[in-house]
Amino acid sequence: MRTDATPPATRDRLIHAMTEALQRRGLHGIGLSELLQAAQAPKGVLYHHFPGGKTELAVAAIDAAVVALEARMDALLRREANPVAALRAWLTGAQRQLERTEFAAGCPLATVALESTPDDTALRGALARGFAALRERLAGELLRAGMPAARAPALATLLFAAYEGALMQARVAGNARALSETTDILLDIVARELREAPANP
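Residues numbered from 1 in each chain as written. Predicted model: local features only at pLDDT ≥ 70, side-chain atom pairs only at ≥ 80, totals over all residues. Heavy atoms only, no water.

Visitor: Help me out: how do you make sense of the overall build of the protein chain in this one?
Guide: On a plain count of helices and strands, the protein chain comes out with nine helices and zero strands. The secondary structure elements of the protein chain, listed N-terminal to C-terminal, are α-α-α-α-α-α-α-α-α. The C-alpha radius of gyration computed for the protein chain amounts to 18 Å, which stays within 12% of the reference 17 Å derived for 201 residues, consistent with globular compactness. Expressed along its principal axes, the backbone C-alpha trace of the protein chain runs to roughly 60 × 40 × 40 Å. Residues classed as buried in the protein chain amount to 43% of the 201 residues present. Of all intrachain contacts in the protein chain linking residues separated by at least 6 positions in sequence, the fraction that spans at least 24 positions is 66%. (Helix = DSSP H or I, 4+ residues; strand = E, 2+ residues; numbered from the N terminus. Rg over C-alpha atoms; globule rule 2.2 N^0.38 Å. Buried < 20%, exposed > 50% of the residue type's maximum accessible area, 1.4 Å probe, protein only. Contact = heavy atoms within 4.5 Å.)

In structure tokens, the structure reads:
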């Protein structure tokens, strides 16, 4: 049985190392030897856990990142009854993380998406599933808050698209202005949409 003092399993360490690499350097920015060193994993163990090699590990890291993002979203929604407040906590948390890493760590999903090609079918499949799951989770929460069914999915798509774009701009600029301004306008839009939503959509 795992305890807090138990070191993470090799597979978990590999996924964590890959996630860190995706956030900071992208899939092609780190070699296998460096990745194994970061995971403190012996040479050859990668293919034991991930027979598909680096790509299969990247897919596992993308899936794990989506699970972590959903868990973070769920925790905020449990803490904040108002979805606008939960979204503000989500977005400002992303900004703080970016600032803590001195604008080095972006979103692992967006980083891989930007460098993927049509031939990267496994990666793009994982990314598409991940983005869809996050959009659907947010759209469901907007629906529960009273937003019409015809608007919630589109607004969830806008929120994630604007967030990813602002995160990228803030990262390359080395300051959080794009992200903080985007957060303010997005939350204004969500709050207005909820205020103007019909009582029985």
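Visitor: Quick question: what am I supposed to make of the packing of helix 1 (residues 10-24) against helix 4 (residues 53-79) here?
Guide: Pairs of packed helices are described in terms of their axes, by the angle between the two and the distance that separates them. One can describe the packing of helix 1 onto helix 4 by two numbers: an axis separation of 9 Å at closest approach and a directional angle of 85°. It follows from the interaxial angle that helix 1 and helix 4 lie roughly perpendicular. Facing Arg-11, Leu-14, Ile-15, Met-18, Thr-19 and Leu-22 of helix 1, the residues of helix 4 in contact are Lys-54, Leu-57, Ala-58, Ala-60, Ala-61, Ile-62 and Ala-64. Partitioned by chemical class, the residues of the contact of helix 1 with helix 4 number ten nonpolar, one polar and two charged. (Axes fitted to C-alpha atoms, helices over the stretch in contact; angles between N-to-C directions. Parallel < 35°, antiparallel > 145°, perpendicular 65-115°, else oblique. Nonpolar A, V, L, I, M, F, W, Y, C, P; charged D, E, K, R; others polar.)

Any functional reading would require information that these geometric values do not contain.
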